[in-house]
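Residue-level listing of the chains:
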Amino acid sequence: MKSPQTFTYLFLQNSQDFASSNAMTQQLQDEFDSSVENAEAWMKAIQERLSINDNTKGPRSALEARLRETEKIRALEPEGSLKIDSILVKADAALRSISEDKKHEILSKLKDIKALWEETAIYITHCHSRIEWVWLHWNEYLKAQDEFYTWIHNMSVTLEPDIELQLGLKEKQWQLSHAQVLLNDVLNQSVLLERLLEEAASLFSRIGDSSVDEDVQKKMKVEYEKIREQAENRVNLLKKITKEHEQYSANVGQFQSWLNGVTERLNSCIGEATESSAEDKLKALKEIAKNIRSGGKKLDQLEDECTNVIENTSPLGAERMKDELEMLRKALEKLKLLHSEEEKRLLKIQESESAYESQARQLEADIKVLRKYLQKLENHLEPGEGEKTEDEFVTLWRKCNATRAALAAEESNVERLKAQLKELLQFSQDVHPHTESVVSAIQQYQSVRGKTSKMSTDTETELRRLFQNPLLDFERWKPSVQMLLETPEPALTHIEAALAESSRFKEKFMTLQLKKDLLNNVLGEEKAKTFLQEVAEASKKREIIHESLMQSKRTIQHFDAGFAPLQKKLSAIRAKLDLEKELKPDLLGKKTQLQRLQMIQDDLAELVTQMEEVEKLVQSNTTHKHEMNQLSSDSQALKIALKMMIQQSEERIQKHCAYKDKLSDLQQWIKLTTDTFEPYQGAEGDQNNEGQVADLKRWLAELPDKEMQLCLVKASGKLVMENSSPEETAHVQAELDQLEESWRQLKKMETRVLKTWQLSKPVIDSKKKIEFVDRRWISGPVFHHSDVDPNHKQERIEEGQHTSSHLKLLHEFEEWLQGEKKKLTKILDVPSSSTEEIKTRKSKLEELQSRVPDGQRLFEDLLHNQPLTEYSEDLEDLRYQWMLYKSILKESMSTLSPGTSEEPDRFRKSCEHFAAAADQHGEGEDPAVASLSQLPSSFIPFLACMAKCWAEESLLCV
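Summarised in this report is the structure supplied together with it.

Thresholds, definitions, all that
- Residues numbered from 1 in each chain as written.
- Predicted model: local features only at pLDDT ≥ 70, side-chain atom pairs only at ≥ 80, totals over all residues.
- Heavy atoms only, no water.
- Helix = DSSP H or I, 4+ residues; strand = E, 2+ residues; numbered from the N terminus.
- Buried < 20%, exposed > 50% of the residue type's maximum accessible area, 1.4 Å probe, protein only.
- Contact = heavy atoms within 4.5 Å.
- Areas by Shrake-Rupley, 256 points an atom, 1.4 Å probe, with all protein chains shown as cover.
- Polar contact = N/O pair within 3.5 Å; in protein donor to acceptor, adjacent residues only side chain to side chain.
- Axes fitted to C-alpha atoms, helices over the stretch in contact; angles between N-to-C directions.
- Parallel < 35°, antiparallel > 145°, perpendicular 65-115°, else oblique.
- Left-handed = near helix turned anticlockwise from the far one by under 90°.
- Nonpolar A, V, L, I, M, F, W, Y, C, P; charged D, E, K, R; others polar.
- Arc of directions from axis to C-beta.
- Phe/Tyr/Trp six-rings, centres within 6.5 Å; stacked < 30°, edge-to-face > 60°.
- Lys NZ or Arg CZ within 6 Å of the ring centre and 35° of its normal.
- Salt bridge = Lys/Arg side-chain N within 4 Å of Asp/Glu carboxyl O.
- Patch = residues over 30% accessible without salt bridge, like charges linked within 9 Å, V, L, I, M, F, W, Y side chains within 5 Å.
- Lys, Arg positive; Asp, Glu negative; His and termini not counted.
- Charge placed at Lys NZ, Arg CZ, Asp CG, Glu CD.
- Core = buried A, V, L, I, M, F, W, Y, C linked by side-chain atoms within 4.5 Å.
- Expected span 1.5 Å × (residues − 1).

1. Quick notes on the overall build of the chain
Part 1: Within the chain one finds 25 helices and 0 strands.
Part 2: Within the chain, the fraction of its 958 residues that count as buried is 36%.
Part 3: Look at the contacts in the chain between residues 6 or more apart in sequence, and 83% of them connect residues 24 or more apart.
Part 4: Of the accessible surface of the chain, which amounts to about 57100 Å², a share of 53% is contributed by carbon and sulfur atoms.

Structure, rendered in structure tokens:
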């Protein structure tokens, strides 16, 4: 039994321990409260500085000062991260030591300070980005404005000098072309001016500086209008000058052509060898005289035009124009003199020839009429070249009879020509030409009459022979057809040819029977009657032969209709199989090849079924049966070859897939292991904990198995290379080399880590290390340790429900965004060169743009629903994808003009390339072991890409 002194001592000792514990707890809570107050004061100070500088209005120097100030504030962001880290550490210590009823107060303060820090960090980023964007936008605007004023100065210098006088029309056209080029340049600058004015207005709405106000914009527009007016006036003046010279040159050319034409007409009248009469020549000279008088008026008009053109022509050019007009006037005066002399000579000749010409003209006119009529009759009898048909001979025979009757009627006109020639011999002029004309006409008449008689006789003889030919040909054809019908296995082509010939004989016999009247006229009634009886007998014999031929054809056609398609189909299948013998470059090609081989196998099976049906039709025909046996043998050989190729293809695909799976698994394990244990290479032993030791041991235990897996992957790769094309072999070898290099790097890391840990503190219990590792990989950030407490079970349930709702919204928004991106990609892939295609694309892009506000609301709901105690890289990646989609859509709508349809695609590809680089940057981090203290650094890829896109948008707008 203990004494009272002993109980007193124990009571005092417990009281002291309790007081010491309360003092320690109060100290930790005070430190936490102090840290929270300091951090809150620091954040409010930062926000106050940001609110002072969060303004884009004012001059350029003020904007630059705000930009530098926001850069300084942004540099303080790591300091805020450290404060948050300190608060988290002190909060964790306080939570471990205080009672359960006070933990809620600390957690509430912790939640508030984290929310304030997130708001401050976002404010820092947005404020700096906004000012930086305006600053870059302003710089690009000033650069474009300088280029515009440089162009204004250069164009003013070019348009200032007066127009130089040119030598001729070609030089004036060159001068006009140069002025039009300058005007086109000026008009093209209007697009740049409009964009420049839009950018100035946009900047003015943001900065409010006088350097981009409306007066500056009006000044730029006035200066451009002045340049445009100068260029248009210069072009209009040169057009007027050039048009006057062109009109003058055209008039001179017309006058020269007219003068040449009149001169040629006058020379034709003057020439002695002309056949025209003196009267005709005098009429022509009167018309020429009228033309000469009108030509004088035209020349006077040309001189007036020349005076106006010379005012805008150089002195040398004016001298040439005067000399040219003087030469034209001299040529016109010479033409007048020649006309006058020829007119006097012809008037003297006309008086002596008037009477003679009157009768001679009448005689020549009658001769001409007769000769023309005779020529018409002769042409009408022209038999033509080549062999003639029966109808052509009949037509020719009828023409001969009609021509003989017409020649008999023209005999009186020939006698009248002889009488007119005797009357003409009374004049003193030479009538020898007229005598020859009359004799020639009479000879032509006799020639046509003799030719008509001979042709009529020959035509009747030929018609008799043609009427007899069908019967003779039929008698010669009958023996060959009888031999064909008696052949055991006649060819179908021979049977069809005989049937066609039989049909032709039928048509000929029917035609002869319908020509009874013609036969009576050519052969006579008795001979025509006998001939028609012979035709009727031949027609009956033809019908018997035709029926026999049809029976033979029906027998042969059953086999030919099925055998030829089978041969073609087998040849096609063999050709397809030959194309599949080459090795394919990749796994997709091998799978596609296997599918094609299986399709060929189905085609071959269908062909065999068709062959069996045709074989049933040829059992009695030895020739056809032999052909079918040969075709069946070929198909069986092809079937065996196809089966072997399918087996080989399946084996190759199986080996390739096994290789790909093994390679992918090993590559992922090497990458995960390398990324996970990269921080342990340079770590000292006293800085590590139980979890790190457990991870290290687990990694070392897996190495031997993975080394064996490496050997299996290399062996699988060798098998794949043996059955692949040279391109795929090189690709697989490169993959194996890269895998070997990754393994060597991993082994080097193993050596360095072992060396480091052998000098560190002793090994910790493996069970505790594994539990710690499992907890770190599964539970997430370190401040979730409080969830282990049973009193926080309800909070975990609510948080889990909130997280589930957040993930559902995340998934829904991601699916919606992917759908919109697919629609945009489909629109951009379609080329647009015409106006209708551009309008269609614009309407589709506007439809997508109309859905952007809805997407923005969905994304804002997603942000508001995000748990405050968790950081999601999926959400940040989705934020980046959403911003990139809006940028591509905006750029696509700003480039809707012909010839620029490839610009949105290039912009999209450049953004995707940048996004891939950002993702590569993010892959170096381990999100599974990240803590809240690392949250700001994970924003780096996203913020960098966002700033780049803002800058690109401003440049594209300018």
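From this point, the narrative continues.
2. Digging into the side chain of T242
Part 1: In this structure, T242 sits in helix α6 (residues 214-270).
Part 2: A distance of 2.7 Å separates the side chain of T242 from the backbone oxygen of L238, its partner in a polar contact.
Part 3: If we skip the residues at most four places from it in the chain, T242 touches L169, K172, Q173 and L176.

3. Side note on the packing of helix α10 (residues 411-424) against helix α11 (residues 432-486)
Part 1: Two elements in contact, α10 and α11, have axes separated by 10 Å at closest approach and are oriented at 165 degrees. Judged by the inter-axis angle, α10 sits roughly antiparallel to α11. By crossing handedness, the relation of α10 to α11 is classed as left-handed. Residues E411, V414, L417, K418, L421 and L424 of α10 form the contact with α11, whose own contacting residues are H434, T435, V438, I442 and Y445.
Part 2: A class-by-class count of the residues in the contact of α10 with α11 yields 7 nonpolar, 2 polar and 2 charged.

4. A word on α10
Part 1: Looking at α10, one finds that the buried residues are V414, L417, Q420, L421 and L424. All buried residues of α10 fall inside an arc of 115 degrees around its axis, so they share one side.

5. Points about the side chain of N251
Part 1: With respect to the helices and strands, N251 occurs in helix α6.
Part 2: The residues contacting N251, other than those within four sequence positions of it, are L302 and E305.

6. Some details on the packing of aromatic side chains
Aromatic ring pairs are reported here in terms of the distance separating the ring centres and the angle at which the planes meet.
Part 1: Going through the model one piece at a time under the given rule, you end up with 14 aromatic pairs.
Part 2: Consider the rings of F255 and W258, whose centres lie 5.4 Å apart with planes at 35 degrees: the pair is tilted. Of this pair, F255 and W258 are both found in helix α6, 3 residues apart, which corresponds to roughly one turn of the helix. W258 matches F255 in its accessibility class, with the two residues each being buried.
Part 3: Positioned above the aromatic ring of W135, the side-chain terminus of R60 is 4.2 Å from the ring centre.

7. Notes on the packing of helix α2 (residues 60-75) against helix α4 (residues 100-159)
Part 1: Between α2 and α4, the least distance of the axes is 9 Å, while the angle of their chain directions is 145 degrees. Regarding α2 and α4, the two cross each other, and that crossing is left-handed. Listed contacts from α4 to R60, L63, E64, R66, L67, T70, E71, I73 and R74 of α2 are I124, C127, H128, I131, E132, V134, W135, W138, N139 and L142.

8. Observations concerning the pattern of salt bridges
Part 1: Here the structure, examined in full by the defined rule, presents 27 salt bridges.
Part 2: In this structure, K109 engages E105 in a salt bridge whose closest nitrogen and oxygen atoms are separated by 3.7 Å. Placement of both K109 and E105 in helix α4 is noted, with a separation of 4 residues, approximately one turn of the helix.
Part 3: For E105, a relative accessible area of 40% translates into the label partly exposed.
Part 4: With its nearest N and O atoms 2.0 Å apart, the salt bridge here joins R857 to D854.

9. Quick word on a negative patch on the surface
Part 1: Taken together, the side chains of E812, E814, E815, D874 and D877 present a region of like negative charge at the surface.
Part 2: Of all elements in the fold, only α20 (793-829) and α23 (873-894) reach the threshold of two or more residues within the negative patch.
Part 3: Here the element with the most residues in the negative patch is α20; it accounts for 3 residues.
Part 4: D877 sits in the partly exposed class, given a relative accessible area of 35%.

10. Points about the nonpolar core
Part 1: Counting 56 residues, the largest nonpolar core has M43, I113, Y141, F148 and W151 as its most contacted members.
Part 2: Going through the elements one at a time, α1 (4-53), α2, α3 (77-97), α4, α5 (169-207) and α6 are the ones with two or more residues in this core.
Part 3: Among the elements that make up this core, the one with the highest residue count is α4 (20 residues).
Part 4: If sequence neighbours within four positions are ignored, I113 has contacts with V36, A39, E40, M43, I84 and I87.
Part 5: Grouped together as the second largest cluster of nonpolar side chains are 28 residues, L463, L471, L499 and L549 included.

11. Side note on the environment of W477
Part 1: Mapped onto the elements of the fold, W477 is located in helix α11.
Part 2: Separated by 25 residues in the primary sequence, W477 and S502 have C-alpha atoms spaced 9.3 Å apart.
Part 3: In this structure W477 touches A498, E501, S502, F505 and I545, once residues within four positions along its chain are discounted.

12. Quick notes on helix α9 (residues 390-409)
For an α-helix the count is 3.6 residues per turn, leaving residues at separations of three or four pointing the same way.
Part 1: Between its first and last C-alpha, α9 extends 30 Å over 20 residues, near the 28 Å set by a 1.5 Å rise per residue.
Part 2: Taken as a whole, α9 has its buried residues at E390, F393, V394, L396, W397, C400, T403, A406 and L407.

13. Some remarks on a positive patch on the surface
Part 1: Residues K283, K286, K290, R293 and K297 make up a contiguous surface patch of positive charge.
Part 2: Residue position: R293 is located in helix α7 (residues 278-310).
Part 3: By relative accessible area, R293 is classed as exposed at 54%.

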